[in-house]
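# Per-entry structural report
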Amino acid sequence: MADSLSTAPGEEKEKEDSERDRKAAKSEKSKEKDGVTENSGFNDKNGKGRNRNVSDLSLVRFITTELTRGYFLEHNEAKYTERRERVYTCLRIPKELEKLMTFGFFLCLDAFLYVFTLLPLRVLLALLQLLTLPCCGLGGSRLLQPAQVCDVLKGFIMVLCYSMMSYVDYAMMYHLIRGQSVIKLYIIYNMLEVADRLFSSFGQDILDALYWTATEPKEKKRAHIGVIPHFLMAVLYVFLHAILIMVQATTLNVAFNSHNKSLLTIMMSNNFVEIKGSVFKKFEKNNLFQMSNSDIKERFTNYILLLIVCLRNMEQFSWNPDHLWVLFPDVVMVIASEVAVDVVKHAFITKFNDISADVYGEYRASLAFDLVSSRQKNAYTDYSDSVSRRMGFIPLPLALLLIRVVTSSVKIQGSLSFMCVLLFYFGMITLKVLNSIVLLGTSCMFVKEANMEEKLSEPPPSVVSSRANSRAHRTKQVHTAPQQESTSDKGGITLTSVNPQPANMAESSAPTLPKSDSDTFLTTPDEDGEKVINSETGLEEDGLKHRTPKKDLLEIDRFTICGNRID
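Residues numbered from 1 in each chain as written. Predicted model: local features only at pLDDT ≥ 70, side-chain atom pairs only at ≥ 80, totals over all residues. Heavy atoms only, no water.

## What about the overall build of the chain?
Quick reminder of the rule: In this description a helix means any DSSP run of H or I spanning at least four residues, a strand means any run of E spanning at least two, and both kinds are numbered starting from the N terminus. Only protein chains enter the area calculation, which uses a 1.4 Å probe; residues under 20% of their type maximum are buried, those over 50% are exposed, and those in between are partly exposed. Note on contacts: a residue pair is in contact if any heavy atoms of the two residues lie within 4.5 Å.
In terms of regular secondary structure, the chain is built from 18 helices and 4 strands. Here the chain, with 567 residues, has 37% of them falling under the buried criterion. Of all intrachain contacts in the chain linking residues separated by at least 6 positions in sequence, the fraction that spans at least 24 positions is 80%.

This is how it looks when you write it as C-alpha cells:
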C-alpha cells in the first residue's frame, strides 16, 4: 500500500509534464503557421489564413504581394520634411544669391566710379588748398586732413602708373599671345587668375600701409621720409597689377577672335571645375560670406574685362555697330556660364552644410552696414577702401587699365570731341551720385531690417587687430609678474629678495581694450566670462583665453581666415 501511494504522485507529475510538453509543441506549431501566413501577406479577416500550410504559397501569390503591398511615409515624418525643406532651400538659392550679387555689383560700381568722378575733384580741391595755404595762413597743425592726404596719394599713383602704362604696347602683346598654342593659353589664363588673387590679397595691405604711414602723427619731421619707400612700393604694385589684368584681357580677346572658339570653350569649362573644388568642402557661415564676396568681385571684374574686349574689337572694325552683334552671343555665353556656376555652387554648398537661404540676407545687411557706417561723422575709413578690404576688389589697377584702353581706342580731336568728353564726364558724375543715393537708401533699409541701427551710434573701434590683443595680454603678464629687488647684506654680498606684487595693482596694470561695434552681431553667445585662478600669481584670469575668438560677419575681411582657399 505504501509503495502504491508513493508511486501515484510520481505518475501524476509525469502526466502533467507530458501534457505541458504537448501544449508547448502545439503552440509552437501554431505560431509557425501564423508567421508563415503573415509573411505571405494572405491574412483573412475571419482567421482562415492561419490554418494554411507552407505548401499553399506559390509564385503567383508572391508577385501579387509585391504588386499590392504598401508603406506609410508618415511613420518617418521628420525625415521627409527635412528633405523637402532642403529642396525648397535649393530652389530659393538663385533668387537670394542674385539679390546679393546685384547689391554687391552696385557697391563695386560705386567704388569704381569714385575713381573717375569724385577722386579727381577731391585731389584738385586738396592741391588748391595746399597752394592757397601761404595766403590764408596756418589755421591748424596739419596742412591737409588725413583723407585729403590719401586722396592726393591716390591721384599721384594714378598719374605715375598711367605714364608708365603708356610705354606698354597693347598690339604687340596681343600678337605675342595669339601666336601661342591653345593649351599654353589655357595654362596662362589659369596662372593669371591665381596671380590676380594673390595680388589682390597683398595689394590692399600695401595701400593701407602707405595711407597710415602718411597720416599717422609724427613727432619728428624725419619720420616723413618713410612715406617714400611705401609710395614707390604702391606705385610698383598698381603698375604690375594693371599689367597682369591687361594680359588677362588680351588672352580673353584672343579667345573671342579665334576661329573655332575652342579656347573660349576651354576657358568657360574652367568655371565648372570650380564647382568640384568648392562644393565638397565643409563651409561655415563666415566662409560662405568670404566666397560670396569673392564671387561678387570676380563677376564685376569679368564685366570690365568684357567691356575692354568689346572696345578693342570695335576699334579694329572702325566702330562698326554690326560687329557688336557678332560679339554679343559670346558675351552672353560667358556671362550665363558664370551665373550658372555660381548658382549651382552655392545651392549645393548650402545643401551639404545645412545652411539656410536666409543667410544671404545677413550678408546683404553686413555689406549695407559698411556703406552706412562709412557715411557717419566718426567713420575711420573711406567707403572704397572698406569695399576693397571686404571683397578684395581694388579699383585702382582696373580703372588704370580702362583709362589706358579708352585713351588708346578713342581719338579726341577738335572742340566738339572735348565737349563730348566733358558731357560724358558729367554723365558719369550723375550716374555716381544717383547710384550712391539709391545704395544709401537701400542700405539704410537693410540695416533697419537687421536691427543694427544702434551700432551706428557707437564709436569706432580703436584696436581691433589680434596683434593688439596679444600685445595687451603680454603687457598684463609683465605687470603682474613678481618684482625682484636687490639688497646688500653686511658682508657686501648682493642678495635678491622676491616681493610679490599686490593683487590690487593688477586691476590697473593693463588698459581695457575697446570692443568692436560688431562683436555682438551674428555671433554665438557662448563665452560667459569664465574665470580661473592662476597658481603662480594668485589672480583671476580668463579661462577661455586659449580659445580662438569667434568672428562675426562685420569683422571678416576677405583674406583674414587662415587655412581657407583664396576665392
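Text resumes after the structure shown.
## Details of the packing of aromatic side chains
What counts is decided by this rule: Only Phe, Tyr and Trp rings are paired, with Trp represented by its six-membered ring, and only when their centres lie within 6.5 Å; those with planes under 30 degrees apart are stacked, over 60 edge-to-face, the remainder tilted. Our definition puts a charge over a ring when NZ of Lys or CZ of Arg is within 6 Å of the ring centre and also within 35 degrees of the ring normal.
Taken as a whole, this structure holds 13 aromatic pairs when the rule is applied. Its guanidinium or amino end placed over the ring of Tyr80, Lys79 lies 5.9 Å from that ring's centre, counting from NZ or CZ.

## Digging into the confidence of the model for the chain
Let me state the cut-off plainly: Per-residue confidence from the predictor is given as pLDDT, running between 0 and 100.
Residues with a pLDDT of 70 or more make up 69% of the chain, whose mean pLDDT is 75. For the stretch residues 463-468, pLDDT sits under 50, and the model shows 5 contacts to residues farther than four places along the chain or on other chains. Per-residue pLDDT stays below 50 along residues 476-549; that stretch engages in 90 contacts with residues further than four places along the chain or on separate chains.

## Section: a nonpolar patch on the surface
What counts is decided by this rule: Patch criteria: residues need more than 30% relative accessible area and no salt bridge. Like-charged residues are merged within 9 Å; nonpolar side chains of Val, Leu, Ile, Met, Phe, Trp and Tyr are merged within 5 Å. Accessible surface area values rest on a Shrake-Rupley calculation with a 1.4 Å probe, where residue burial reflects the displayed protein chains alone. Take a side-chain nitrogen of Lys or Arg and a carboxyl oxygen of Asp or Glu: if they are within 4 Å of each other, that pair is a salt bridge.
Among the surface-exposed residues, Trp319, Val406, Val410, Ile412, Phe418 and Val421 lie close enough to one another that they form a single nonpolar patch of about 520 Å² accessible area. As for its placement among the helices and strands, Phe418 is situated in helix α16 (residues 415-449). The exposure class assigned to Phe418 is exposed, which follows from its relative accessible area of 54%.

## Some details on the pattern of salt bridges
Summed over all chains, the structure comprises 16 salt bridges. With a closest N to O distance of 3.2 Å, Glu82 and Arg86 form a salt bridge. Of this pair, Glu82 and Arg86 both sit in helix α3 (residues 77-116), 4 residues apart, which is roughly one turn of that helix. A residue is classified by how much of its surface remains accessible, and Arg86, at 27% relative accessible area, is partly exposed.

## Some points on helix α9 (residues 227-257)
The criterion, for reference: To estimate the expected span of a helix, count its residues, drop one, and scale the result by 1.5 Å.
If you check α9, its first and last C-alpha atoms are 45 Å apart, about what 31 residues at 1.5 Å a residue would give, namely 45 Å. The element α9 is largely enclosed, with a buried count of 23 among its 31 residues.

## Quick notes on the nonpolar core
Most often, soluble globular proteins have nonpolar side chains that are buried together. So the rule is basically this: Think of a nonpolar core as a cluster: buried Ala, Val, Leu, Ile, Met, Phe, Trp, Tyr and Cys residues, connected wherever their side-chain atoms sit within 4.5 Å.
Of all hydrophobic cores here, the largest spans 105 residues; its most connected members are Phe112, Ile157 and Phe256. Broken down by element, this core gets its largest block of residues, 18 residues, from α9. Phe256 has contacts with Lys261, Leu264, Leu306, Val309, Leu327, Asp330, Val331 and Val334, leaving out every residue within four places of it along the chain.

## Observations concerning unusual backbone geometry
A positive phi angle, close to 55 degrees, is found at Trp319, a residue other than glycine. Mapped onto the fold, Trp319 is located in the loop between α11 (285-316) and α12 (321-352). Phi at Asp354 takes a positive value of approximately 55 degrees, unusual for a residue other than glycine. Its location among the elements puts Asp354 in the loop between α12 and α13 (359-374).

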